[in-house]
Amino acid sequence: ERRSVLAITEPPRFHSQAKGKNVRLDAHSRKATRRNSFCNGVTFTNRPIHLYEKVRLKLVAVHHGWSGALRFGFTIHDPSQMSSDDIPKYACPDLVTRPGYWAKALPERFAVRDNILAFWVDRHGRVFYSINDEEPILFHCGIKVSGPLWALIDVYGITHEVQILDSMFAETMTTARLSTARLSTCLPQSSHDSANFNNNELENNQVVAKIANLNLSRVPGLVTDNHIIPCCPNRRQHAQGVPAFLDTDLRFHPTRGPDITFSQDRMVACTNWQESNRTLVFSDRPLHIGESLFVEVGHLGLPYYGALSFGVTSCDPSTLRTNELPADPDFLLDRKEYWVVYRAFPVLNSGDILSFMVLPNGEVHHGVNGASRGMLMCVDTSQSLWVFFTIHGVINQLKILGTVQSSPVTVSPSGSPGGSQYDSDSDMAFSVNRSSSASESSLVTAPSSPLSPPISPVFPPPEPSCSKNGECTVCFDSEVDTVIYTCGHMCLCNTCGLKLKKQLNACCPICRRVIKDVIKIYRP
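Residues numbered from 1 in each chain as written. Predicted model: local features only at pLDDT ≥ 70, side-chain atom pairs only at ≥ 80, totals over all residues. Heavy atoms only, no water.

Participant: Could you give an account of the overall build of the protein chain, naming the residues involved and the relevant values?
Facilitator: Looking only at helices and strands, one finds 5 helices and 28 strands in the protein chain. In the protein chain, buried positions account for 56% of the 524 residues. Excluding contacts between residues fewer than 6 apart, the proportion of contacts in the protein chain whose partners are at least 24 apart in sequence is 72%. Accessible area of the protein chain: about 23,100 Å², with a carbon and sulfur share of 51%. (Helix = DSSP H or I, 4+ residues; strand = E, 2+ residues; numbered from the N terminus. Buried < 20%, exposed > 50% of the residue type's maximum accessible area, 1.4 Å probe, protein only. Contact = heavy atoms within 4.5 Å. Areas by Shrake-Rupley, 256 points an atom, 1.4 Å probe, with all protein chains shown as cover.)

Structure, rendered in structure tokens:
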């Protein structure tokens, strides 16, 4: 029956009208290319997709330097009835928070040029996908299949161009194959993969719990009781690079993600490994300038993907509620406080010791097992800054070892302490939401950039409250009201920002990073 349907059905194409403003289609509507930026790439198929029909996409172009990859799924809404105002910048979270849309992110490890992604929905409302015709992975549950379904494809992030190939029909999943597929997806993956998990959590939790428990016996040496899983096996007795005497007055704040369990003294945070999606934890006080924080990581040793993210915020965690804490900390960038998130940590081993320190000039430096890894980010030190973490994938525990107040650090002109060269990871991936006070709100979300690391800015002391926001660094006349994307510096008036943007190879006057856009800030 499926073969006969396929024989009389025209291969799907991209819908010629219902698409994001950055999407360009070829003459046959089989190839979609995103122009400019990393978003506004939402597209749909021109016709409904049959049950078990594979939507096959070839990843024609992948441009590394952004964060996140293709988002895909289904919708019950006819794209022909949509106006341009109905199509937002992002499929996740903008569309998936609306009824009748289901989509998630393709793990970045699969977003490789010339890979062929195939995804389909079965009669039970389960969405599967496969890469290059390998074993299918159960991706989603709870799709409404009582009516027509159109495929939803967001050409997002590092995914730059995709091509729709001819359709094929999938085989019915046997119980044995379904169990294998379910296990491979219920294991935690990266923060991008779980970015919109909370939108579908009620639909999926029962299925995840049942099938995951059925498969636990197949993992050698793994117990089914989450409380028996050791938080930090094989912990090192004498940690390298940790001072002999540490202050222990900093602990985790009681406000935490619902998938986190604290030790009695709130020095250790553990995740529920089966459902560790909303795992935000905060320090219970701000980190002082020049103070080093030491934490130890632990993990299960299973083949998970994703690890740890780190950030700083001016938001007092006591003002947050548990139901406000998302799976992806990038969602917090919409808030009015100051938030900075860093993701590009290397692979960590169980028992590794991480250190973090904020320098007086705003640089945040980190180290691993006593070895300095250089600067992670620059932050605004004119505000009190709490640190936060999300614990994902292979990492299932974080232990605060303590803090130590360092002596003042001499910062060389190169921006690194003691004259050392900048040696942090070259593929910096961080997001910034800059708001210098509770009454003003400005947003810059900066996916990772392939450009060389910037010279770190030195933040001036805060101006008196009676003064204006500062003079433009170009004309030295108008008030600063424009932020630069992607570096996040707020140092221009809108007139100079627009003129500077038009120049060839325009770069930020502060850090010399290339200007991709300028954004005018409106204050209440």
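Participant: Hey, could you go over the state of the cysteines for me, with residue numbers and the actual values?
Facilitator: Tallying each qualifying case throughout the model produces 0 disulfides. The thiol sulfur of Cys 508 is not disulfide-bonded, and the nearest other cysteine sulfur, from Cys 487, lies at 3.7 Å. According to the relative accessible area criterion, Cys 508 is buried, its value standing at 0%. (Disulfide = S-S within 2.5 Å.)

Participant: Got a sec to walk through the sheet that holds strand E6 (residues 71-75)? Specific residues and values, please.
Facilitator: One open sheet holds the 5 strands; their spatial order is E1-E4-E11-E6-E7, and the pairing between them is antiparallel. What marks the edges here is a single partner per strand, and that holds for strand E1 (14-19) and strand E7 (101-105). Averaged over all adjacent pairs, the angle separating strand axes in this sheet is 25 degrees, with direction ignored. Bridging between strand E4 (residues 42-45) and strand E11 (residues 150-154) involves 3 bridges; their strand directions are antiparallel. (Pairing = 2+ DSSP bridges. Axes fitted to C-alpha atoms, helices over the stretch in contact; angles between N-to-C directions.)

Participant: I'd like to hear about the pattern of salt bridges, residue by residue, with values.
Facilitator: Applying the stated rule across the entire model yields 11 salt bridges. Put simply, Arg 47 and Glu 53 hold a salt bridge, and the shortest N to O gap is 2.6 Å. The two residues Arg 47 and Glu 53 agree in class, both being buried. We note a salt bridge from Arg 321 to Glu 324, for which the minimum N-O separation is 3.3 Å. Given the relative accessible area of 30%, Glu 324 is considered partly exposed. If you follow the salt bridges from partner to partner, you end up with Asp 249, Arg 285 and Glu 291 in one network. (Salt bridge = Lys/Arg side-chain N within 4 Å of Asp/Glu carboxyl O.)

Participant: Can you explain the packing of aromatic side chains? Please cite residues and give values.
Facilitator: Across all of its chains, the model carries 18 aromatic pairs by this definition. Of note, Arg 109 hangs over the ring of Phe 110, and the distance from its end group to the ring centre comes to 4.5 Å. (Phe/Tyr/Trp six-rings, centres within 6.5 Å; stacked < 30°, edge-to-face > 60°. Lys NZ or Arg CZ within 6 Å of the ring centre and 35° of its normal.)

Participant: Explain the confidence of the model for the protein chain to me, and be specific about the residues and the numbers.
Facilitator: With 69% of its residues at a pLDDT of 70 or more, the protein chain has an overall mean of 74. Below a pLDDT of 50 lies the segment residues 179-238, which in the model reaches 114 contacts outside its immediate sequence neighbourhood of four places, other chains included. Within the model, pLDDT remains below 50 along residues 434-468, and this stretch shows 88 contacts once partners closer than five positions in the same chain are excluded. (pLDDT = per-residue confidence, 0-100.)

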